[in-house]
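# Overview (structure and organization)
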Amino acid sequence: MAKIDEVKEQVIIGKTKMVPGLVQAALDEGSAAKDILQAMIDGMKVVGDRFSAGEIYVPEMLIAAKAMAKGVEVLKPSLSGEASTSLGTCVIGTVEGDLHDIGKNLVNMMIGSAGFDMVDIGVDQAPDKFIEAIKNNKNVKLVACSALLTTTLPALKKTVDAIRESGLQGFKIIVGGAPVTAQFAEEIGADAYAPDAGSAAEKAKEIVAA
Amino acid sequence: MLTKRQNLLETIRGGKPDRFVNQYEAFDCDPGSIFGMIMGDPIAAASPRVGRGEPPVKDGWGVTRAWPPNVPGAFPVHDEEHKVVKDITQWEKVVKAPRLDYPQSEWDKFKPKIAAVDRNEVFVTIFGAPGIFEQLHYLMGMDDCLIAFYEEPQAVKDLIQYVTDWKLSYAKLLCDNFAPEVILQHDDWGSHRSSFLSPDMFEEFFLEPYKKWYGYYKERGVQLIVHHNDSYSANLVPFMIEMKVDIWQGCVTTNNVSELIKKYGGKISFMGDIDNGLVDREDWTQELVEQHVRRACEENGKHYFIPCITQGGKGSVYDGVYDAISRAIDKMSKEMFN
Ligand code: B12
């Protein structure tokens, strides 16, 4: 098997110790950095799909994302020379009044693994913090808002409203979290909803490309 | 009419209940505590608690707890500065369980409210939180914790052992002093769609510790173990049964509770199926509540099922929702038990 294929395989099973060495070996074998990155992104898509299907669980997803991050570290010096492969910047955060972050962190990893540059503004973030982050970062293509409490569903709506009213443009808004439904997402004017981190990454790519 | 406790026992034993058990009614034994269960003892009293809008405090395990004024509940803080365990392989150097050696006089202070419980009507129920898994992620944050199961399994097992031993010693003191009839123990094992750990991993790390802990309570005369876990965990029910859980409280709708009752009724009972996420919301109405309660009661039936809000104690985030559910359950009892 070519080293680049091994990279993908080992990302899927979350071999954090193996991946950096394999990435280096793939580079040595002559694979282009952006192709190796793509192999890892493809690997994470497999991980996301398996998670959505209930075949793997949160720890498996975390170690896969960690393995990819380790691989990217090795890749970084070689990547900077090549043309950008980024799908754009994604601002992500949990809305005001809500401190849950496990789901948001997973979504962060998966959207990041799909090829976005992530800006994580953290938990309990007021609408103007999202707006500030959109203004302060280049090439924002996606804003992802997480809410885990029924008490913060109104804050999710407030956040989407405020972002729309700010007049800022050029990005899509995706929302999610346990009490959020596709219907609610539509009602509050978000562009997309996804039930879990794997499908969030797929949806993200889809709406940004549209 | 059966008493609340008789009616509960009839329900979970497949006997002749004369109405639905109404949420937490049979465990509601201490009017002075927020959840209506016994929550005070010298160890709990010594662990600092944070109040809403107050500065963060360190609890008995050294976990920093914050409660900003604008959020509905307290939270463990897990930035690099505040995590208790930064490196799981070094946990022994930093984890120190709270002391358990309080003089008898301290325990005696809590006994009057145990004596005051009307044992004909309700069970002497002790509320316990957090669980073993929760204690683990409180110490290091969920991400680090879940990764550690893969990267440092032995260290995780050792820490679980340490936490379990402490919980067993605590359990002994509770039994010696309070002779509880029911333990309602929290430990959330998943999100609303999946368990945090795969069943294999869950079995490997948690089955034995829980068997020991809950088994000990049973040996000491505790009648019922009620385990609170408001997440998807249908895949873990066989382990719950093996641990001697009598009632799984908090089973959310995504578990397909009526299927679970068909499969496991008689071995374990299910309390919940009325999700906070669905009814406990700003725009709730009595009609919305009744619709969910009706579905739950009709689908699940009279045996091995207790209709209940999924959260781990009586009450709700929005005022009035809990009572609205209770009224709706009474209505269903009139209809279905004629
Ligand atoms: C773990 C947990 C906690 C932990 C959180 C630790 C942490 N660092 O986040 C602790 C114990 C600290 C906690 C605290 C509280 N919690 Co809590 N918690 C949970 C629990 C059990 C699981 C949530 C979780 O992490 N799931 C795991 C992740 C992987 O799943 P997820 O969050 O759903 O995310 C996935 C999807 O939703 C989606 N997703 C998430 N975000 C986004 C964003 C986008 C853009 C997209 C596309 C998708 C997406 O993808 C994720 C991955 O697949 C839920 C119960 C439940 N069944 O959900 C309650 C729950 C959310 N909590 C609840 C409550 C009430 C609280 C407290 C108020 C309790 C208290 N009194 O202290 C506090 C709240 C503090 C606050 N202000 O936020 C309630 C909410 C009830 C309600 N009315 O809404 C729940 C539902 C439990 C219940 N039934 O009572 N909680």
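Our structure's up above, just so we're on the same page.
These notes cover the structure that comes with them. (Residues numbered from 1 in each chain as written. Chains lettered and ligands numbered in written order. Predicted model: local features only at pLDDT ≥ 70, side-chain atom pairs only at ≥ 80, totals over all residues. Heavy atoms only, no water.)

Taken together, the contact between chain B and chain A spans 27 residues of the former and 26 residues of the latter. When chain B packs against chain A, the two sides together hide about 2,300 Å² of surface, and 65% of this comes from carbon and sulfur. On the chain B side of the interface with chain A, the three residues burying the most area are Phe75, Asp143 and Tyr150 of chain B, jointly 22% of the side's total. The salt bridge partner of Glu151 of chain B is Lys66 of chain A, with a shortest N-O separation of 2.9 Å. Counting across the chain B and chain A interface gives seven residue pairs in polar contact (both at pLDDT 80 or more). When contributions to the side of chain B that touches chain A are tallied by element, the ones reaching two or more residues are helix H7 (142–151) and helix H12 (276–279) of chain B. Looking at the side of chain B that touches chain A, the element that brings in the most residues is H7 of chain B, giving six residues. Within the side of chain B that touches chain A, the residues separate by chemical class into 13 nonpolar, eight polar and six charged. (Contact = heavy atoms within 4.5 Å. Buried area = accessible area lost by both parts, 1.4 Å probe. Salt bridge = Lys/Arg side-chain N within 4 Å of Asp/Glu carboxyl O. Polar contact = N/O pair within 3.5 Å; in protein donor to acceptor, adjacent residues only side chain to side chain. Helix = DSSP H or I, 4+ residues; strand = E, 2+ residues; numbered from the N terminus. Nonpolar A, V, L, I, M, F, W, Y, C, P; charged D, E, K, R; others polar.)

Moving on: the site of the ligand. Close to the ligand lie 45 residues; His100, Asp101, Ser146 and Thr150 of chain A together with Asp230 of chain B are nearest. Neighbouring residues of the ligand are distributed over chains A and B. Between the ligand and the protein, one listed contact pairs an oxygen atom with a side-chain N or O atom of Asp98 of chain A at 3.5 Å. For the shell around the ligand, the secondary-structure elements that each account for two or more residues are helix H5 (102–113), strand E3 (140–146), strand E4 (172–176) and helix H9 (197–209) of chain A together with strand E3 (75–76) of chain B. Among the elements that take part in the shell around the ligand, H5 of chain A stands out by supplying four residues, more than any other. (Near = heavy atom within 4 Å.)

Our next topic: unusual backbone geometry. A cis amide bond links Ala129 of chain B to the next residue, Pro130 of chain B, at an omega of -5°. Along the chain, the position of Pro130 of chain B falls in the loop between strand E4 (125–128) and helix H6 (132–140).

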